[in-house]
Amino acid sequence: MVRPVHAPNHPGQTPASFTPDSRQAWVRLVIALVIGSIGAVGMWAVVVLIPVVQTEFGATRGAVSLAFTLMMFGFGLGGVIAGKITDRFGIVPAMAISIAFLGVANVLAGLSTQLWQFVAAYFLIGLGTSATFAPLMAEASHWFERYRGLAVTIVASGNYVAGTMWPPIVSWGTQEIGWRYTHIGIGIVCASLMAVLVLILRAQMGNDHLRDHANAPPPRVDLKLSTNTLTVLLSIASISCCVAMAMPQVHIVAYCGDLGYGVARGAEMLSLMMGCGIISRIGSGYLADKIGGIRTLLVGSLAQGFALVFYLFFDSLTSLYLISAMFGLFQGGIVPSYAIIVREAMPASEAATRVGIVIFASVFGMSFGGWVSGVIFDATGSYAAAFANGVAWNALNIGIVVLLLIRSRMGSVKTGPGFAT
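Scope of this entry: the structure provided in the associated data block. (Residues numbered from 1 in each chain as written. Predicted model: local features only at pLDDT ≥ 70, side-chain atom pairs only at ≥ 80, totals over all residues. Heavy atoms only, no water.)

A look at the overall build of the chain
Selection criterion: The secondary structure listing takes helices from DSSP runs of H or I that are at least 4 residues long and strands from runs of E that are at least 2 residues long, numbered from the N terminus. Accessibility here uses a 1.4 Å probe with only protein chains present; expressed as a share of the type maximum, an area under 20% marks a residue as buried, one over 50% as exposed, and anything in between as partly exposed. Accessible areas in this description were obtained via Shrake-Rupley with a 1.4 Å probe; residue shielding takes into account the shown protein chains only.
Looking only at helices and strands, the chain features 16 helices and two strands. Within the span of the chain, comprising 421 residues, buried residues form 60% of the whole. When the accessible area of the chain is evaluated, it comes to approximately 15,700 Å², of which 68% is carbon and sulfur surface.

Below, the structure written as structure tokens:
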């Protein structure tokens, strides 16, 4: 039985007021981008706060990094749950639940008196952040047909907009009022703003009905793999690239502190990295509409590995700024490419679930990568081995993507039903 997804029907089945790729679709997309930019605050606040919290609780770098690990696990698990809620009830109820988790959890993080409480609060923050990524990408993909790849990557860019604007704000708040009050303020302000925006989105969507996936465009790429096999391969590739991605993103602030440049410089580098990632993410969506998701993923993965190697050889302040900008430009489009590949190679009736699973895998890779980098630092006293570990995982990702590209070229590109089933 084909399950519905909350999205507009094709002409003749929806109100005349909505047309895919229309002005209304772009308005919805902008609202979704702003929601994602605010809701992803927790993903970057913890990165800035690692050194401060480590000092506060007298813990190891690896122990504090566990907060990021559990936050990402909650983010991935919540994405699957929120995706199922979106499939059944629509994106608005899923967002409402996430907002409640996000607001309460940030307040609890600010009130924590022991490290385990802080870590547990960040698991809840991850759950609260979840609906702003995979479910929102899946939802936006149904608002567009011609510009679907671009739309998916624009929504995904909310994550990087957050990474650009929030680290300096959190760093400033920590210096001025302390990390605890900063957390409480984040919980109150972000939950309030997101609630207003979700109400606006709900008004924009109006009375659109659930869309039957039988009316959606069929898969275009024949990889001659079962859906489960392809999901597993994409999940392993996603884990691999995100273990590599996590090293600079999670530890750049602490790395700069260790080098004597100060955590404020590290926060600036993180913000620069995410800002450049926005350009990369949107550009990859445009590229994917031209050459397909698999080729776009390969380009991003190769470029990310190239940038990681530079971290091994250069650590001056100027070079770190330049490499961080380069890293952001190279890796921003990688994760959304998986969602695009799912839409290209799998039946539409399974797209939301499969995107959620693959994004969950990427989240596991980010969380594991953030944690293992801290452990490697504790064991070696430097980040050199951690960067080398990232390069090795990135190589595994490239191998899998090359395999998928070879299989895609073995079969003809078609538009008939039944591929990857």
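Quick look at the layout of surface pockets
Cut-off, in case you're wondering: A 1.4 Å probe that fits into a set of points on a 1 Å grid over the protein atoms alone but cannot get out defines a cavity; an open set with protein on both sides within 12 Å along at least five of seven lines defines a pocket, and lining residues are those with an atom within 4 Å of a point. Grid points are joined across faces, edges and corners, and a volume is the space filled by probe spheres set on the points. Note on residue classes: Ala, Val, Leu, Ile, Met, Phe, Trp, Tyr, Cys and Pro are nonpolar, Asp, Glu, Lys and Arg are charged, and everything else, Gly too, is polar.
The volume enclosed by the largest pocket comes to roughly 280 Å³. Along the walls of the largest pocket sit 15 residues, with Arg146, Arg148, Gly149, Ala288 and Asp289 positioned nearest its centre. Among the secondary structure elements, those contributing two or more residues to the lining of the largest pocket are helix 7 (148–156), helix 11 (263–291) and helix 14 (334–345). Looking at the lining of the largest pocket element by element, the count peaks at four residues for helix 11. Residue composition of the lining of the largest pocket, by class: five nonpolar, two polar and eight charged.

Overview of unusual backbone geometry
You will see that lysine 224, though not glycine, has its phi angle at about 55°, which is positive. Of note, lysine 224 is situated in the loop between strand 2 (210–211) and helix 10 (227–259).

Description of the packing of helix 10 against helix 11
Two quantities define a packed helix pair, namely the angle between the axes and the distance from one axis to the other. Rules: Simply put, an axis is a line fit to the C-alpha atoms, just over the touching stretch for a helix, and the angle between two N-to-C directions goes from 0 to 180 degrees. Working rule for angles: under 35 degrees goes down as roughly parallel, over 145 as roughly antiparallel, 65 to 115 as roughly perpendicular, anything else as oblique. Crossings are sorted by hand: turned counterclockwise from the far helix by less than a right angle, the near helix makes the crossing left-handed, and turned clockwise it makes it right-handed. The contact definition used throughout considers only heavy atoms, calling two residues in contact when any of these lie within 4.5 Å.
Viewed as axis vectors pointing N to C, helix 10 and helix 11 meet at an angle of 155°, and their least axial separation amounts to 7 Å. The angle between the axes of helix 10 and helix 11 places the two elements in the roughly antiparallel class. At the point where helix 10 passes helix 11, the crossing takes the right-handed sense. Residue-level inspection shows Pro248, Gln249, Ile252, Val253, Cys256 and Gly257 of helix 10 in contact with helix 11, the latter providing Val263, Gly266, Ala267, Met269, Leu270, Met273 and Met274.

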